[in-house]
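Close look at the chain arrangement
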Amino acid sequence: MATMHVVQVSRPDGPFETVERQIPEPGAGWVRIRVQACGICHSDSLVKEGTFPGIQYPRVPGHEVAGVIDSVGSGVASWQPGQRVGVGWNGGYCGHCEHCRRGDLFACVTGRATGITYDGGYAEYMLAHATAVALMPAELAPVEAAPLMCAGVTMFNALRNSGARPGDVVAVLGLGGLGHLGVQYAAKMGFYVVGIARGKDKEPLACELGASAYLDSQSQDPAAELLRLGGARVILATVTSGDAMSAVQGGLAVNGTLLLIGAAHSMQVFPLFLLAGRRSVRGWYSGTAIDSQDTLAFSTRSGVRSMNEIFPLERASEAYDRMMSGKARFRVVLTVGR
Ligand SMILES: [Zn+2]
Ligand SMILES: [Zn+2]
């Protein structure tokens, strides 16, 4: 029986363990992917630390997967062996629950999440639901595609659904793993992009990524500076500090939206300011497989790329620590196989 290596977590707060397992066979409606690369996302800590409700252990994390389909189960009409694909956080949908019937596929009651409710990409092979699979363009290397499957689609899909139009002021709060992609996408979409981060040292990077202006939140008041530019149509908040989110909302233009991507526990909102200018504070779910596929295609054509630190699968534990340290520039990606 053919076997594979996977990196699993056996209990909340347990270590990463490299173990040998049988290569699984895809059931009806599922495909098997030979993994080539898998990004490490901060949300993988939900598995490592056991903070996501209902996780069954052992679990293989990883929801920024790039690879090649090598086997398909029965009833899979749209995919075939040999296709280069990616899989992201959304682990697929049923197509017949009420949310799916209304077109809100991301909210499917099955709640499937890759590397959370089923095993993910810290592995040589994984199974994915056919509705969770996105086509990867031939021009994109697996290590380039992987981080776009969560960080990338989250930024791209939030921005393209934000209501901002070309020429509008769009601010990106935070210039880390998410923000460095957000600035690039926003620039390529034709917005007037303002990068906001702490310290003067990130200004050259912001400009290199396509920002037209940079605000240092330590020495400047970002809200006041945004208002000087006429106010932001959208502020894309990628940080995890509720205080930092609260502090920028005053920079919203009339009808402006503070779009929350970072998972802060709480923040302050100012109802009078919001209602007087019809401003809003809104969350955004990354997207489903077709959104990821659009992200990969757009990134390929426009040249948007993640800056990555690369580790082999065997060093997943070290790579994860590097991601958690917050010092990686900017995403950490595992390479799998020879
Ligand atoms: Zn993620
Ligand atoms: Zn459904």
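Because the structure is a prediction, the values reported are computed rather than measured.

A separate point is the overall build of the protein. Regarding its fold elements, the protein presents eleven helices and 15 strands. Judged by the C-alpha coordinates and their principal axes, the protein covers about 65 × 45 × 40 Å. Carbon and sulfur atoms make up 51% of the accessible area of the protein, which amounts to about 14,500 Å² in all.

For the zinc ion (ligand 1), the protein coordination sphere consists of Cys-41 (SG), His-63 (NE2) and Cys-150 (SG), at 2.0 to 2.2 Å. In primary-sequence terms, the residues that donate to the zinc ion (ligand 1) follow C-x21-H-x86-C. A residue pair is termed long-range when its members are at least 10 positions apart, and His-63 in the loop between helix 1 (45-49) and strand 4 (65-72) and Cys-150 in the loop between helix 3 (142-145) and helix 4 (151-160) qualify at 87 residues. Note on Cys-150: relative accessible area 10%, which makes it buried.

Glancing now at the environment of Ala-2. Mapped onto the secondary structure, Ala-2 falls in the segment before strand 1 (3-9). Sequence separation between Ala-2 and Gln-22 is 20 residues; the distance between their C-alpha atoms is 6.1 Å. When near neighbours in sequence (up to four residues on either side) are disregarded, Ala-2 contacts Arg-21, Gln-22 and Ile-23.

This brings us to the packing of helix 4 against helix 10 (residues 289-302). Helices that pack against each other are described as a pair by the angle of their axes relative to one another and the distance between those axes. Between helix 4 and helix 10, the shortest axis-to-axis distance is 9 Å and the interhelical angle comes to 95 degrees. When the interaxial angle is binned, helix 4 and helix 10 end up roughly perpendicular. Residues Gly-152, Val-153, Phe-156, Asn-157 and Arg-160 of helix 4 pack against Asp-291, Ser-292, Asp-294, Thr-295 and Phe-298 of helix 10. Residues belonging to the contact of helix 4 with helix 10 are distributed by class as follows: three nonpolar, four polar and three charged.

Here Tyr-57 and Pro-58 are connected by a cis peptide whose omega angle stands at -5 degrees. Relative to the assigned elements, Pro-58 resides in the loop between helix 1 and strand 4. Residue Arg-329 is joined to Phe-330 through a cis peptide bond whose omega torsion reads -10 degrees. Notably, Asn-255 is not glycine yet its phi reads approximately 70 degrees, a positive angle. Residue placement: Asn-255 occurs in strand 12 (residues 252-260). Note on Asn-255: relative accessible area 29%, which makes it partly exposed.

With that settled, the discussion passes to the nonpolar core. Val-31, Ile-33, Ile-40, Trp-79, Tyr-122, Ala-128 and Leu-334 are the most contacted members of the largest nonpolar core, which has 42 residues in total. Those elements that provide at least two residues to this core are strand 1, strand 3 (30-40), strand 4, strand 5 (84-87), strand 6 (125-129), helix 11 (316-325) and strand 15 (331-335). Here this core takes five residues from strand 3, the largest share from any one element.

Turning next to the coordination of the zinc ion (ligand 2). Each pair of donors in an ideal octahedron of six around a metal sits at 90 or 180 degrees, and each pair in an ideal tetrahedron of four sits at 109.5 degrees. The protein atoms donating to the zinc ion (ligand 2) are Cys-94 (SG), Cys-97 (SG), Cys-100 (SG) and Cys-108 (SG), with metal-donor distances spanning 2.3 to 2.4 Å. Residue class for Cys-100 comes out buried when judged on its relative accessible area of 7%.

Here we come to the packing of aromatic side chains. The tally for this structure, following the rule as stated, stands at eight aromatic pairs. Cluster of aromatic residues (ring-pair linked, three or more members): Phe-16, Tyr-122 and Tyr-320. One residue, Arg-279, lies across the ring of Phe-273, its end atom 3.9 Å from the ring centre.

Within this structure, the stated rule accounts for 13 salt bridges. Asp-119 is the salt-bridge partner of Arg-21, the closest N and O atoms lying 2.8 Å from each other. With Arg-21 in strand 2 (residues 16-22) and Asp-119 in the loop between helix 2 (98-101) and strand 6, this residue pair connects regions lying 98 residues apart in the sequence. A single network of salt bridges, built from pairs that share partners, joins Arg-21, Arg-59 and Asp-119.

The next thing to look at is the sheet that holds strand 10 (residues 213-216). Taken together, the six strands give an open sheet; going across it, the order is 10-9-8-11-12-13, and neighbouring strands pair in parallel fashion. Because the sheet does not close on itself, it has two edges, and the strands there are strand 10 and strand 13 (280-283). Recorded for the sheet is a direction-independent mean angle of 20 degrees between the axes of neighbouring strands. With five bridges joining them, strand 8 (residues 169-173) and strand 9 (residues 192-197) adopt parallel strand pairing. Looking at strand 9, one finds that Leu-173 is bridged to Ile-196.

Conventions adopted
Residues numbered from 1 in each chain as written. Chains lettered and ligands numbered in written order. Predicted model: local features only at pLDDT ≥ 70, side-chain atom pairs only at ≥ 80, totals over all residues. Heavy atoms only, no water. Helix = DSSP H or I, 4+ residues; strand = E, 2+ residues; numbered from the N terminus. Areas by Shrake-Rupley, 256 points an atom, 1.4 Å probe, with all protein chains shown as cover. Donors = N, O, S within 2.8 Å, 3.2 Å for Na, K, Ca; no water. Buried < 20%, exposed > 50% of the residue type's maximum accessible area, 1.4 Å probe, protein only. Contact = heavy atoms within 4.5 Å. Axes fitted to C-alpha atoms, helices over the stretch in contact; angles between N-to-C directions. Parallel < 35°, antiparallel > 145°, perpendicular 65-115°, else oblique. Nonpolar A, V, L, I, M, F, W, Y, C, P; charged D, E, K, R; others polar. Core = buried A, V, L, I, M, F, W, Y, C linked by side-chain atoms within 4.5 Å. Phe/Tyr/Trp six-rings, centres within 6.5 Å; stacked < 30°, edge-to-face > 60°. Lys NZ or Arg CZ within 6 Å of the ring centre and 35° of its normal. Salt bridge = Lys/Arg side-chain N within 4 Å of Asp/Glu carboxyl O. Pairing = 2+ DSSP bridges.

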